[in-house]
Amino acid sequence: MSFDFVLSKNRFNECHYQHNVSLVSSLESISETELMPLTEGRTFYVSRPWLLAIERLRGGGTTYVVSRDKVGRLLGVLPIYGCEPSTRGFYEPYNRFLARSGGIFNRNDWSPALIIGSRAAYSCEFLVANFLDAKEKAYVLTSMIEVAKDYAKECGAASISALYINECGRKQLEEVITEDTNFFVAGANAILDIRWNNFEDYLASMKGSNRREIRREIRVFSSQGYRILSRKLADSIDTLAELFAHHERKYGHNTSPQSEAKELRTLADTANDYSHVLILEHAGRPIGGILLFLWEDTVYARSVGIGVKGNAFEYFNLTYYEIIRFAIENGYHHIDYGMATYRAKLSRGARLEPLWGLIHSKSASSPFLDSKFVAWNRLRQEAINLSDATLLERRQIP
């Protein structure tokens, strides 16, 4: 067997495209101005500031397939990530999906996996120039994946995966993959669409019990004398590092203010212009903070930390109500809340979008030939379609 999930380039023979596809080791070789026509209209998590930060944080193991036309104009960029295990396992397809399904799979057929598209933030789509017509877009993506397949063979990968593919990314892949290649449910992204003129309109749109609870949480919070400050990431690194580390340790993750600060400094170096930080203070002391990224018409809620165990609904006010106010007042159309904590997000007006996965082994058949995997995947998709928080938890999403 081989990595044969992509349609052959031979179907484009009549088009006579003259493209040059190569590998580069760093996104530093492509300026933000040059990459902008490819990232326009896409998620922040495939933007140059974000991808460059991830490249630097990984410290190696990142390569990019780059497509250019005969005059050197940039047509496509495909990040590919080596086979090192991910810190929390979300980008290890065998453990995260195949083994959890209860199906019968041989680890050596699937691990190590080469990841294409993106490997952080659980949002994947593909960077192909928007000015191309549909057929040439498909050719560019096909050509880049073909190079990624060769790279996977050279580095000894057992499989190739694209994970947490959003709806746009899925549509892109559907134009280039074979008919027998199927997508599985990798997770769900929570999006709050801003359709209100003011915060009171937002409250009025909530269901009765949810609306009453939100009003109570705001009332209690407002009685505590808190102050909320707005900053850029570069001005907030030490404060956020302490808060994030405390928050992560509370949920069993092994981290420290030093490791959090390292990540935040890297993000500040590449993405500070797109950052927006809210710091929650009480009596001059920071007790909470949230890092946002502002990209086109969307606010991306990246990380939050509450440093004390409060009883005034600090988390909900900082993470939801203050951001919703900010988005309404500043003309944003969406808030991207990402994966997990679906119960809180759904009860505050968010909707779910499925995130898809694609995995192909060079030595084993499709996971969809395993009945347990098929049943497991179907139940996960039903939970997302129903937007039922209890079912989402039961079906191991994320």
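Each value, and the rule that gives it
Residues numbered from 1 in each chain as written. Predicted model: local features only at pLDDT ≥ 70, side-chain atom pairs only at ≥ 80, totals over all residues. Heavy atoms only, no water. Helix = DSSP H or I, 4+ residues; strand = E, 2+ residues; numbered from the N terminus. Buried < 20%, exposed > 50% of the residue type's maximum accessible area, 1.4 Å probe, protein only. Contact = heavy atoms within 4.5 Å. Expected span 1.5 Å × (residues − 1). Arc of directions from axis to C-beta. Axes fitted to C-alpha atoms, helices over the stretch in contact; angles between N-to-C directions. Parallel < 35°, antiparallel > 145°, perpendicular 65-115°, else oblique. Left-handed = near helix turned anticlockwise from the far one by under 90°. Nonpolar A, V, L, I, M, F, W, Y, C, P; charged D, E, K, R; others polar.

J.: Can you help me understand the environment of Ala234 in this one?
T.: Counting through the fold element by element, Ala234 comes out in the loop between strand 8 (227–231) and helix 9 (237–250). Note on Ala234: relative accessible area 42%, which makes it partly exposed. In sequence terms Ala234 and Thr266 are 32 residues apart; their C-alpha atoms lie 9.8 Å from each other. Not counting residues up to four positions away in its chain, the partners in contact with Ala234 are Ala268 and Asn272.

J.: I keep staring at helix 13 (residues 371–386) and nothing clicks. Help me out?
T.: Residue pairs three or four apart in sequence face the same way in an α-helix, which turns once every 3.6 residues. The end-to-end C-alpha separation of helix 13 is 23 Å, in line with the 22 Å expected for 16 residues at 1.5 Å each. Buried within helix 13 we find Phe373, Trp376, Asn377, Arg380, Ala383 and Ile384. End-on, the buried residues of helix 13 take up no more than an arc of 120 degrees, which puts them together on one face. Exposed residues on helix 13 whose side chains face more than 90 degrees from its buried face are Ser371, Asn385 and Leu386. Those residues of helix 13 hidden inside the fold are in contact with helix 3 (93–98), strand 7 (184–193), strand 13 (351–361) and helix 14 (389–394). Note on helix 13: the residue one or two positions beyond its end, Ser387, has a positive phi of about 50 degrees.

J.: Looking at this structure, I do not really get the packing of helix 9 against helix 10 (residues 257–271). What am I missing?
T.: How two helices pack is summed up by the angle between their axes together with the distance between the axes. Put simply, helix 9 and helix 10 touch, their axes get as near as 8 Å, and they point 130 degrees apart. By the angle between their axes, helix 9 is oblique relative to helix 10. You can see that helix 9 and helix 10 cross each other, and the crossing is right-handed. Every residue of helix 10 that contacts helix 9 at Ile237, Asp238, Leu240, Ala241, Glu242, Phe244, Ala245, Glu248 and Arg249 is listed here: Pro257, Glu260, Ala261, Leu264, Arg265 and Ala268. Along the lines of polarity and charge, the residues of the contact of helix 9 with helix 10 split into nine nonpolar, no polar and six charged.

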